[in-house]
Amino acid sequence: MSRGILNKWASKRCIVNPQPHRATRKCVRTRMTMNSLKPIITLGLLGLTVVAPALRAAAPAAGSRPNIIFLMDDEHRRDYLGRLDATVKTPALDRLAKEGILFDQAVCQAPMCIPSRHSMLLGLYPHQTGILSNGPGLEEDQLPCDPLPELLRKAGYQTAGFGKTHWLAANCSTRGFEVRYSSTDREKGAIMMGKDNPAGLKRYYDEVKDYGDGEEFPAGYLGRTSAVAEEDHRDGWACKHCLEFIESGRDPARPLFLYLSFLKPHAGANVPPGYEQLYDLAAMPVPIQPSLAQVEPCHATGNDRQGMYREFWSKATREQWQQMVLRYRANCSWIDSMFGRVMDKLRAKGLLDNCIIVYVSDHGEMLGERYYRFNKYCLYDASARVPLILSGTALPAAMRGVVDHRLAEEVDIYPTLAALAGIPKLAGKPGENLLAASSRKAGFCEYSDRPGKVAFMWRTAERKLILSFPKTVVQTGKVQLSDAVAGELYDLKADPKEWHNLYSQAESATQREAMSRELIEHLNSVALKPAK
Ligand SMILES: [Ca+2]
C-alpha cells in the first residue's frame, strides 16, 4: 500500500482496491455436532454457560468469507471483564462474550508488548520470531512470513488498521494495511497522529508529562480525570478515524479486515470524564501482599522494577491503592465504550451480518500484586493470562455464549483467522485453530528479559511449571531438563496467587517430572531458533 493510495483515501474517503479480488471462496464445512459437545453447566451467578475443553467445532457455515474484526487493547487483565466479574463495567466486551466464545484459560506468548504482538501478528513463538524483549522489532527483510494483515490482503481482504501495532522497526511499512492510522508506531504509509492532530497530541503529552517513562511511574498509575478531549487522546483519535472509515471507506467488493488496537488500559491512567463514576472508590479491591520470603527468588527476580514501585506503594494509603484500581477499571470501561461505538457502527452498516470478531489483550497487568509488582514482566497469572474472545455471526449457533476452557494461546489467532479467510493450512505454525479440536497439553509462554536467562511457562488450569535456562543453551535449539537452572511449580487451585513454590517438595515430584517432560518435549518440537 503506497502512501499515495492512503492519502487518496484519507483526503477523499474513497474506496481503494490495490489488488484485484482474489478470493479463494473456499467453503468451510462445519464439523461440529451437538453430540460432540461435552455437558454444559450453567453458573447461576453470572449466567455463564461453560463448555468443557475440547469444543469439537471447526468453522462457520458455508458461504461468503466473513468480515474479520480484530479488537485489541494493552495490558488488560483477563479477570477485568464484566462477564467474569460483574463489578467491572465492560458491556461491549461482555456482549461479544455472550454472543461468542470466552476462552478463560488463554495466555500471552511473552509478558511484554513487542514480543507478544510479533507472535500474534506472525503466528510464531518469540524464539521463532527472534523478538524476545521490548527492544527493536523485525525489519522488513527479517520478517519470517507475511504479517496477518498482509496475509489477509493477499487473500483478497480490504485491510484497515487503527492504533497500536508496536512493530518498532526503523523502516517499517504498514505491513499489509491499506488504510492505516497510527498514533505512536512510525510506519511508512501510515497517517500519523503527530501530523494529523499535532496540537491534540501535544495536549495529551502535556497532561501525562509527570507520569514518567511509559507513563508507568506511580503518578501514571494514580492518574487523573483527563482534561484533554477524547479525540486528542491517542486512542480517541484512532477510534474517531476508525468510525469515519466504517462510514465511508469501505470497499463493498471485498470482505473487511478491520484492526482496532488501543493503548489503554495501560498506564497512564488519565481517563476522560464519566467513567470513574461507574465505580465506588470504597469498594475497590486492594491486593494482599505476601511476605517477602514467600515470593523470592523467582524467574523474574531482579526485573521487578522495584525501584519504581516499592518505595511509593509500600507506603501508599488504602485510598491511593483504591484510586489506582478505580482508574484502571475506568480506563477499561472507556476502552469498552469505544469498542461498543465501533461495533454499533459496524452493525448499522451491515458489516456484522457475516463476521468474526476477535478481542484480546497483549498481556496482563499485575496491578501491585506480589510485592508491589506493576505492569507485566513475569509469568504469574495476572501478567501472563489474557482475555480472549471469539465472537460474531459467522460462528455456529451452538458456539455462542460459551466459556471454553481450552489452553488457548495468542499464536492461535493467526491460524484461526487464516482458516476463516479460506487460506489453506499454513505450515510451521505452532498455533491451533481455535474452532477445531485442541490437542494442547498446556499453555506456553516465554520470558527472556533477564540477562543470561530465559524462563518458560507450562500452564494448565490446575498447575503451572516454570523452568529457567541459560540463554546460551536455548540458542542451540535443543534443550534438556538437566540444563534447567531453576524451577517453580504452583497448584493454581489451592494457591491461585502462586505464593507457594512446590518445585522442590518431594510430594510434588510426580507432577513436576511429568510437566517438565512435556515442556522439554514442547521446546524441542517447536524449533526455538528464529525462522529467518
Ligand atoms: Ca503492552
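Residues numbered from 1 in each chain as written. Predicted model: local features only at pLDDT ≥ 70, side-chain atom pairs only at ≥ 80, totals over all residues.

> Which residues make up the pairing of strand E16 (residues 463–470), and what values go with them?
With 7 of its 8 residues buried, E16 lies for the most part within the structure. Direction of pairing for E16 relative to strand E17 (residues 486–491): antiparallel, over a ladder of 6 bridges. The residue of E17 that forms the bridge with Leu-465 is Leu-489. (Buried ≥ 20, exposed ≤ 12 C-beta atoms within 10 Å, placed from the backbone. Helix = DSSP H or I, 4+ residues; strand = E, 2+ residues; numbered from the N terminus. Pairing = 2+ DSSP bridges.)

> Tell me about the packing of helix H2 (residues 91–98) against helix H12 (residues 318–348), and name the residues and values.
Look at H2 against H12: their axes get within 7 Å of each other, and the N-to-C directions meet at 60°. Overall, the two elements H2 and H12 adopt an arrangement that is oblique. On the side of H2, the interface is formed by Pro-91, Ala-92 and Leu-93, while H12 contributes Asp-336, Phe-339, Gly-340 and Met-343. (Axes fitted to C-alpha atoms, helices over the stretch in contact; angles between N-to-C directions. Parallel < 35°, antiparallel > 145°, perpendicular 65-115°, else oblique. Contact = placed C-beta atoms within 7 Å.)

> Tell me what's going on with helix H9 (residues 234–248), and back it up with residues and numbers.
Spanning 15 residues, H9 covers 22 Å between terminal C-alpha atoms, matching the ideal 21 Å at 1.5 Å per step. Residues of H9 that are buried include every one of Arg-234, Asp-235, Gly-236, Trp-237, Ala-238, Cys-239, His-241, Cys-242, Phe-245 and Ile-246, and no others. For H9, the secondary structure elements touched by its buried residues are strand E5 (158–163), strand E6 (179–182), helix H6 (193–196), helix H7 (198–207), strand E9 (256–265) and H12. (Expected span 1.5 Å × (residues − 1).)

> Please provide a residue-by-residue account of the pairing of strand E12 (residues 388–391), values included.
Going residue by residue along E12, you find Leu-388 and Leu-390 tucked away on one face and Ile-389 and Ser-391 tucked away on the opposite face as well. Looking at chain direction, strand E4 (residues 101–103) and E12 are connected through 3 bridges and run antiparallel. Bridging across to E12, Ile-101 finds its partner in Leu-390. In the sheet, strand E11 (residues 355–361) pairs with E12 via 4 bridges, with the strands oriented antiparallel. Within E12, the residue paired with Val-358 across the bridge is Leu-390.

> Requested: an account of the nonpolar core, with residues and values cited.
In this structure, Ile-68, Leu-71, Val-358, Leu-379, Ile-389, Leu-417 and Cys-445 are the most contacted members of the largest nonpolar core, which totals 150 residues. For this core, the leading source of residues is H12, giving 13 residues. Apart from residues no more than four positions distant in its own chain, Leu-379 is found in contact with Pro-111, His-299, Ala-384, Cys-445, Tyr-447, Ala-455, Met-457 and Ile-466. (Core = buried A, V, L, I, M, F, W, Y, C linked by C-beta atoms within 7 Å.)

> Just give me the short version of the packing of H9 against H12, but keep the residues and values in it.
For the pair H9 and H12, the least separation of the axes is 10 Å and the interaxial angle reads 5°. As the angle between them shows, H9 and H12 are arranged roughly parallel. Here Asp-235, Cys-239, Cys-242, Leu-243 and Ile-246 of H9 come into contact with H12, specifically with Ile-335, Met-338, Arg-341, Val-342, Lys-345 and Leu-346. Residue composition of the contact of H9 with H12, by class: 8 nonpolar, no polar and 3 charged. (Nonpolar A, V, L, I, M, F, W, Y, C, P; charged D, E, K, R; others polar.)

> Give a description of the sheet that holds strand E14 (residues 443–450) that names residues and reports values.
Strand order in this open sheet of 4 strands is E14-E15-E16-E17, and the pairing throughout is antiparallel. The outermost strands of the open sheet, each flanked by one partner alone, are E14 and E17. The sheet shows a mean angle of 15° between the axes of neighbouring strands, direction not considered.

> Help me get a handle on the environment of Gly-156, residues and values and all.
Mapping Gly-156 onto the fold places it in the loop between helix H5 (148–154) and E5. Residue Gly-156 is classed as buried on the basis of its 21 C-beta neighbours within 10 Å. Spatially, the C-alpha atoms of Gly-156 and Pro-255 are 7.4 Å apart, while their sequence positions differ by 99 residues.

> Quick one: what's the story with the confidence of the model for the protein, residue by residue and with numbers?
Scored by pLDDT, the protein has a mean of 88; 88% of the residues are at 70 or more. Contacts for the low-pLDDT stretch residues 1–50, under 50 throughout, to residues beyond four places or in other chains number 85 contacts. Below pLDDT 50 for its whole length, residues 52–62 participates in 45 contacts with residues either more than four positions away or in separate chains. (pLDDT = per-residue confidence, 0-100.)

> Which residues make up H7, and what are the values?
When H7 is considered as a whole, its buried residues turn out to be Gly-200, Leu-201 and Tyr-204. In a view along the axis of H7, the buried residues occupy a sector of 100°, so they form one face of it. Exposed residues lying more than 90 degrees from the buried face of H7 are Pro-198, Ala-199 and Asp-206. Tucked inside the fold, the buried residues of H7 contact H6 and H9. (Arc of directions from axis to C-beta.)

> Tell me what's going on with unusual backbone geometry, and back it up with residues and numbers.
Cis geometry is found at the peptide bond from Lys-264 to Pro-265, where omega equals 15°. Within the fold, Pro-265 resides in strand E9. Here the bond from Ala-267 into Gly-268 is cis, since omega is 5°, no more than 30 degrees from zero. Following the sequence through the fold, Gly-268 ends up in the loop between E9 and strand E10 (270–271). Although it is not a glycine, His-166 adopts a positive phi angle of roughly 65°. When you line up the elements, His-166 lands in the loop between E5 and E6. Positive phi outside glycine occurs at Leu-168, with the angle close to 50°.

> Go over the environment of Gly-200 with me, naming the residues and quoting the values.
Summarising the element assignment, Gly-200 is placed in helix H7. Note: C-alpha distance between Gly-200 and Glu-230 (30 residues apart in sequence) is 9.5 Å.

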